[in-house]
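Close look at the chain arrangement
Here is how the chains run, residue by residue.
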Amino acid sequence: MLPAAGSGVRLGAGVPKAFVEIGGVPMLVRAVDGLLSSGVVGHVVVVVPVEQLRDAVGLLPDRPVTVVPGGADRTASVAAGLAAIGPDAEVVLVHDAARPLTPAGVVRRVVDAVRAGAPAVIPVLPVTDTVKTVDDSGTVVSTVDRSALRAVQTPQGFRARELRLAYARGPDPATDDAGLVEALGEPVATVAGDPLAFKVTTGWDLRLAGLLLEDASA
Ligand code: CTP
Ligand code: MG
């Protein structure tokens with residue numbers, strides 16, 4: 001599933017972020033094709049703003065996709081996408097349209113780990129910056145032990161049953177999808193993420209994505 005129903009306030013492109021082009025191709029198309037090119041994804045449910053339903057269908061011809069309208073926050077959009085996933089799906093990935101350069105290897109590692117028995121799997125990277133907590137005045141309170149920290153990417157992978165159960169209990173907008181499964185008491189496994197799976201949030205990220213694509217095609 002590809003949640004792509006956000007408005008992209010922080011990018012401020014004037015159109016919903018998933019429809020912004022990188023190297024002439026909208027992020028949502030890059031993200032769908034990235035999932036399909038992994039060879040382990042059979043169908044993609046794409047969740048878009050209701051105003052963009054027709055545009056999204058037009059951008060994704062000849063692909064095994066279902067396009068559905070999203071909700072007010074990402075959690076509501078994932079819930080809408082989940083409702084459109086067929087009953088025979090065994091493994092469900094939840095990805096971000098805003099991670100258009102995610103390598104196929106990340107997708108395969110996540111699916112492999114779910115198929116090997118993990119109820120929930122997330123791709124992660126070590127945290128390289130020193131991380132500190134501060135008080136209201138900005139004064140440092142403590143230094144966090146970085147060795148135990150991981151930055152979390154997508155796609156996050158789930159046994160379909162566990163993800164459905166987690167959302168049936170009432171989604172909490174404050175956590176990610178794996179956090180909801182964690183709240184069920186299920187273990188969440190990690191696999192190696194990839195720097196290329198970074199999320200395009202700001203104009204800086206968009207510029208970086210464009211430069212990386214140019215670099216790859218040079
Ligand atoms: N998303 C969604 N439905 C929402 C909000 C977000 O499907 N109501 C999706 C976005 O389209 C994106 C992913 O969730 O692919 C990650 O969200 P984020 O990077 O925060 O994107 P936006 O919400 O669009 O950006 P912003 O928060 O800057 O407005
Ligand atoms: Mg957002």
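These remarks concern the structure in this document.

Parameters and conventions
- Residues numbered from 1 in each chain as written.
- Chains lettered and ligands numbered in written order.
- Predicted model: local features only at pLDDT ≥ 70, side-chain atom pairs only at ≥ 80, totals over all residues.
- Helix = DSSP H or I, 4+ residues; strand = E, 2+ residues; numbered from the N terminus.
- Rg over C-alpha atoms; globule rule 2.2 N^0.38 Å.
- Buried ≥ 20, exposed ≤ 12 C-beta atoms within 10 Å, placed from the backbone.
- Contact = placed C-beta atoms within 7 Å.
- Arc of directions from axis to C-beta.
- Near = placed C-beta within 6 Å.
- Nonpolar A, V, L, I, M, F, W, Y, C, P; charged D, E, K, R; others polar.
- Core = buried A, V, L, I, M, F, W, Y, C linked by C-beta atoms within 7 Å.

Before going further, it helps to examine the overall build of the protein. In terms of helices and strands, the protein carries 7 helices and 12 strands. Compactness check: the protein gives a C-alpha radius of gyration of 17 Å against a globular reference of 17 Å for 218 residues, within 12% of the reference. Out of the 218 residues in the protein, the part that is buried amounts to 38%. Taking the contacts inside the protein whose residues are at least 6 apart along the sequence as the reference set, 65% of them involve residues at least 24 apart.

Before going further, it helps to spend a moment on helix H3 (residues 74–83). All buried positions along H3 are accounted for by Ser 77, Val 78, Gly 81 and Leu 82. All buried residues of H3 lie within an arc of 140 degrees about the axis, which places them on one face of the element. Contact partners of the buried residues in H3: strand S1 (2–3), strand S4 (44–48), strand S5 (65–69), strand S6 (91–94), helix H5 (160–168) and helix H6 (177–183).

What follows concerns unusual backbone geometry. Trans peptide bonds make up the majority, and among non-glycine residues the majority have a negative phi. The step from Thr 154 to Pro 155 runs through a cis peptide bond, and the omega angle for that step is 10 degrees. Mapped onto the elements, Pro 155 comes out in the loop between strand S10 (150–152) and strand S11 (156–159).

Near ligand 1 you find 23 residues, and of these Pro 3, Ala 5, Gly 6, Arg 10 and Ser 77 are the closest. Across the shell around ligand 1, the residue classes tally to 10 nonpolar, 7 polar and 6 charged.

A few words now on the nonpolar core. Ranked by internal contacts, the top residues of the largest apolar core, which has 52 residues, are Leu 2, Ala 4, Leu 28 and Val 46. When neighbours within four sequence positions are excluded, Val 46 is seen to be in contact with Leu 2, Ala 4, Leu 28, Val 32, Ala 56, Leu 60, Val 65 and Val 67.

So, to be careful, I would describe these as geometric facts and stop short of saying anything about function.
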